[in-house]
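Structural description and commentary
Residues per chain are reported as follows:
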Amino acid sequence: MANAIVKRRRQELVVGGVVLAGLALLPVPIKDVYTQNLIIITVLFAGLAQAWNILGGYCGQISLGHALYFGIGSYVSTLLYLKLGIPPTLGLFAAGIVAGAAALLIGWPCFRLSGHYYAIATVVVGEIGYLLFLNWDFVGGATGVFIPFKGESWAELQFKTAKLPYHFVVLAFAAATWLAAFWLEGSRWGFAWRAVKDDVVAARSLGVNIFASKMAAAALSGGFTGMGGALYAQYVGYIDPDSVLAGHFSILIALPAVLGGVGTLWGPLIGAAVLIPASELSRSYLGGSGRGVDLMLYGGLIVLVALARPQGLVSLFNWRRKSDVPAA
Amino acid sequence: MPHDPILILDNVSASYRGLRALQGVSMTVAKGEIVAVVGANGAGKSTLLKAISGQVATEGAISFDGKPLAGVPGHMITRAGIGLVPEGRRLFPRLSVEDNLRLGAYARRGDPNRFKPLDLVFTLFPRLAERLAQRAETLSGGEQQMLAIGRALMTQPRLLMLDEPSQGIMPKLVDAILAAVVRIRDLGVTVLLVEQRLVEALEIADRAYVLQTGRVVMHGTAKEIAANEDVRRAYLGM
């Protein structure tokens, strides 16, 4: 039986490699900058949603405040770059560490709450973070921070004319989150999280430290989200609280995973591939008035999926579930 | 008083959902015996197990293997050697039988022998070996109970506590499960059994405690309890 699991995991790695190669080549023949941008943002959100999935999917702790980690990450790498000259390739990791630490700090009081109360607390904490940055002059307050162009550089993740390098950068990020989720699925943490998600009492009776499990998931999830924020800041070249810390951003990070299938390896990617293009298209067709419409679109999609495919879009690809079907 | 005690409760009180569910309960469980705790619904039987496993706050002293359990967090109590088969089984329904058992070994992580109890589990419950890949939710009630016991055995307990193992199970399987409990005891694991089915529980138990509204109203050997007129009238309707 153990062999079947090993085999399935090997298959998944192979599929992961194929998908990675496909995604790497995807924008190469495309000359249209708008489409390239759309692909980059989609891949970035696939990575962010996978990061969210570690806490919200595998561990079952629904966070609606991940914009805070995203924002913290984007500010940390940007400020390290502008004020201390530390290249974003290093700042990226500082962003991950600070965002992960923030997730621990928030988890400390909030994980004492359970179920919906935890989700509500994350909304409130996210809003507090947004307001703090909005009124904090050192980080540019409401005006935000502009990242000046200093010439093409991989170390500083600055590319003037071409978008392709950014594509490879965010793809590496998305691949890292996928690999992390893949590895965690088979690790003792993955087991502990699924136990915590399903039944806290049973998990505790098996010697699982509930609080520590949630904290570990939060730190990893927040850390990866912060790294995504750092990459995003470097890509768009300008950040302010409204663009990286706003509440709707938290929803946007969580939704692809929810749509695609929470607690699954492929759900976040599939969800992002559907959701992000849909939201971008609705925005470009409807202009400034589209912001409300794309939210309605998300809502509609979620309702549709919840009704027709409660396990998420990933359940359309049945091959993965075959081994779980009872033999009898 | 039994000698060589493994679990001692001294004047333990506990509240559960705002109700005083245990009031000054004292009891002793000796190594290698099966002790049954019987009583009607709401007598405090489940709260007793919750108190021992650290799920509810308690007053009074509980000690396991000579060490006080006060202030020991729930997950560490498992690691200290107290296994719990919770009421209603509480399996992980979407995980396979195998993954449920593997989670049982979680407390022993890092130990190269952590999957060793699997042999014992499959000897006790051969059906589980046949259904390893199935999701736990697809098992019958009896099989689920077997899995719950197997999962608890994977923690390598020295004291196994079972909360209503016969609940929701067809009578034929109840006997099989209680027989397995006896075999587990024979292998050296002490058993604390909470059960509503008085007759069956007293048949396999060495000693028993009768709980009524959170107090121990009677204790003695299982034979004495089974023969007691008051018990028979109150719980057996005879």
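The present account deals with the structure reproduced in this document. Note that the structure is predicted; figures quoted are calculated from it, not measured.

A tally of helices and strands in chain A yields 13 helices and two strands. Relative to the globule expectation of 20 Å for 328 residues, the C-alpha radius of gyration of chain A, 19 Å, shows essentially globular dimensions. A sequence separation of at least 24 residues applies to 77% of the contacts in chain A between residues at least 6 apart. Entry remark: accessible area of chain A is about 14,200 Å², with carbon and sulfur atoms responsible for 71%.

Next up on the list: the sheet that holds strand β4 (residues 58-64) of chain B. All names here are of chain B. Strand order in this open sheet of four strands is β2-β1-β4-β5, and the pairing throughout is antiparallel. Each edge of the sheet is formed by a strand with only one pairing partner; in this case those strands are β2 (19-30) and β5 (67-68). As defined by bridge partners, strand β1 (residues 5-16) adjoins β4 across six bridges and the pair is classed as antiparallel. Its bridge partner lying in β4, D10 is registered against A61.

One recurring pattern in soluble globular proteins is that nonpolar side chains are buried together. Core analysis: the largest hydrophobic core is formed by 100 residues, its most contacted members being F45, Y75 and W193 of chain A. Looking at this core, the element that brings in the most residues is helix α2 (residues 33-58) of chain A, giving 14 residues. Among residues more than four places away in sequence, those in contact with W193 of chain A are I54, Y58, C59, L184, S213, A216, A217 and L220 of chain A. Of all hydrophobic cores here, the second largest spans 45 residues; its members include V85, V121, A152 and L198 of chain B.

Quick look at the packing of α2 of chain A against helix α11 (residues 247-260) of chain A now. Residue and element names in this part refer to chain A. At a minimum axis distance of 8 Å, the contact between α2 and α11 shows a crossing angle of 80°. Between α2 and α11, the angle falls in the class roughly perpendicular. Residues F45, L48, A49, W52 and N53 of α2 pack against F249, L252, I253, A254, P256, A257 and V258 of α11. Residue classes in the contact of α2 with α11 are distributed as eleven nonpolar, one polar and no charged.

If you walk through the whole model with that rule in mind, you get one cavity of 30 Å³ or more. Its volume calculated, the largest cavity comes out at about 60 Å³. Contributing to the lining of the largest cavity are R204 and S205 of chain A together with S53, Q55, G74, I77, T78, I82 and L84 of chain B. Counting only elements with at least two residues in the lining of the largest cavity, the list comes to α8 (200-205) of chain A together with α2 (74-80) and β6 (82-85) of chain B. Examining the composition of the lining of the largest cavity, we find that three residues originate from one element, α2 of chain B, more than from any other. When the residues that make up the lining of the largest cavity are grouped by side-chain class, the tally is three nonpolar, five polar and one charged.

A separate point is the packing of aromatic side chains. All names here are of chain A. For the structure on display, the rule yields 13 aromatic pairs over all chains. Each ring, one from Y75 and one from F133, has its centre 4.7 Å from the other, and the planes form 40°; the classification is tilted. Of this pair, Y75 sits in helix α3 (residues 66-84) while F133 sits in helix α5 (residues 116-134), placing them 58 residues apart in sequence. You can call Y75 buried: its relative accessible area is 2%. Both rings, one in Y166 and one in Y235, keep their centres 4.9 Å apart while their planes meet at 70°; by these two values the pair is edge-to-face. With Y166 in helix α6 (residues 164-186) and Y235 in helix α9 (residues 210-236), this residue pair connects regions lying 69 residues apart in the sequence. Y235 shares its class with Y166; the two are buried. Site record: aromatic cluster; members linked through ring pairs are F45, F70, Y232 and F249. Taking the ring centre of W108 as reference, the NZ or CZ of R112 above it sits at 5.1 Å. Above the ring of F211, the side-chain terminus of R112 is found at 4.9 Å from the ring centroid.

This next bit is on the layout of surface pockets. Residues and elements named next belong to chain A. In this structure, the second largest pocket encloses a volume near 350 Å³. Lining of the second largest pocket is provided by 17 residues; of these, H248, F249, L252, E280 and R283 occupy positions nearest its centre. Every element with two or more residues in the lining of the second largest pocket is listed here: α2, α10 (241-244), α11, α12 (267-286) and α13 (290-308). Residues of the lining of the second largest pocket, tallied by class, amount to eight nonpolar, four polar and five charged.

Attention now moves to unusual backbone geometry. All names here are of chain B. With a phi close to 55°, N11 is a non-glycine residue in the positive phi region. On the secondary structure map, N11 appears in strand β1. Overall, the relative accessible area of 48% leaves N11 in the partly exposed class. One non-glycine residue with positive phi stands out, namely R90, at about 50°. With a relative accessible area of 34%, R90 lands in the partly exposed category.

Residue and element names in this part refer to chain B. Taking strand neighbours across the sheet as the criterion, the six strands line up as β6-β7-β8-β3-β9-β10 in an open arrangement whose pairing is mixed. What marks the edges here is a single partner per strand, and that holds for β6 and β10 (215-221). The sheet shows a mean angle of 15° between the axes of neighbouring strands, taken without regard to direction. Of the strands in this sheet, β6 and β7 (159-163) touch helix α6 (residues 141-153), which is tilted by about 165° from β6.

This part takes up the interface of chain B and chain A. If you look at the interface, chain B gives 26 residues, while chain A gives 24 residues. For the pair chain B and chain A, the summed buried area comes to about 2,500 Å², and 60% of that belongs to carbon and sulfur atoms. Of all residues in chain B, the largest losses of buried area upon contact with chain A belong to H75, F92 and Y106 of chain B, amounting jointly to 23% of the total for that side. At the junction of chain B with chain A, the criterion picks out two salt bridges. A salt bridge links R90 of chain B to D199 of chain A; the nearest nitrogen and oxygen atoms lie 2.8 Å apart. On inspection of chain B and its partner chain A, the count reaches seven residue pairs in polar contact (both at pLDDT 80 or more). Take the side of chain B that touches chain A: its biggest share by element is five residues, from helix α3 (residues 97-104) of chain B.

To continue, consider the environment of G24 of chain B. Residue and element names in this part refer to chain B. Secondary-structure assignment places G24 in strand β2. Along the primary structure G24 and N11 are separated by 13 residues, whereas in three dimensions their C-alpha atoms are 4.0 Å apart. Excluding anything up to four places from it in sequence, G24 contacts N11, V12 and S13.

Any two side chains of opposite charge can pair, on the condition that their charged atoms come close. Residue and element names in this part refer to chain B. The final tally for this structure, using the stated rule, is 15 salt bridges over all chains. Salt-bridge contacts for D65 lead to K31; the nearest nitrogen and oxygen are separated by 3.9 Å. Linking D65 in the loop between β4 and β5 with K31 in the loop between β2 and β3 (34-38), this pair joins segments that are 34 residues apart in sequence. The partly exposed category is assigned to D65, whose relative accessible area is 25%. Overlapping salt bridges, with partners in common, bring together D4, K31, D65 and R158 in one network.

So, how was this worked out
Residues numbered from 1 in each chain as written. Chains lettered and ligands numbered in written order. Predicted model: local features only at pLDDT ≥ 70, side-chain atom pairs only at ≥ 80, totals over all residues. Heavy atoms only, no water. Helix = DSSP H or I, 4+ residues; strand = E, 2+ residues; numbered from the N terminus. Rg over C-alpha atoms; globule rule 2.2 N^0.38 Å. Contact = heavy atoms within 4.5 Å. Areas by Shrake-Rupley, 256 points an atom, 1.4 Å probe, with all protein chains shown as cover. Pairing = 2+ DSSP bridges. Core = buried A, V, L, I, M, F, W, Y, C linked by side-chain atoms within 4.5 Å. Buried < 20%, exposed > 50% of the residue type's maximum accessible area, 1.4 Å probe, protein only. Axes fitted to C-alpha atoms, helices over the stretch in contact; angles between N-to-C directions. Parallel < 35°, antiparallel > 145°, perpendicular 65-115°, else oblique. Nonpolar A, V, L, I, M, F, W, Y, C, P; charged D, E, K, R; others polar. 1 Å grid on protein atoms, 1.4 Å probe; cavity = no way out; pocket = protein on both sides within 12 Å on 5 of 7 lines; lining within 4 Å. Points joined across faces, edges and corners; volume = space filled by probe spheres on them. Phe/Tyr/Trp six-rings, centres within 6.5 Å; stacked < 30°, edge-to-face > 60°. Lys NZ or Arg CZ within 6 Å of the ring centre and 35° of its normal. Buried area = accessible area lost by both parts, 1.4 Å probe. Salt bridge = Lys/Arg side-chain N within 4 Å of Asp/Glu carboxyl O. Polar contact = N/O pair within 3.5 Å; in protein donor to acceptor, adjacent residues only side chain to side chain.

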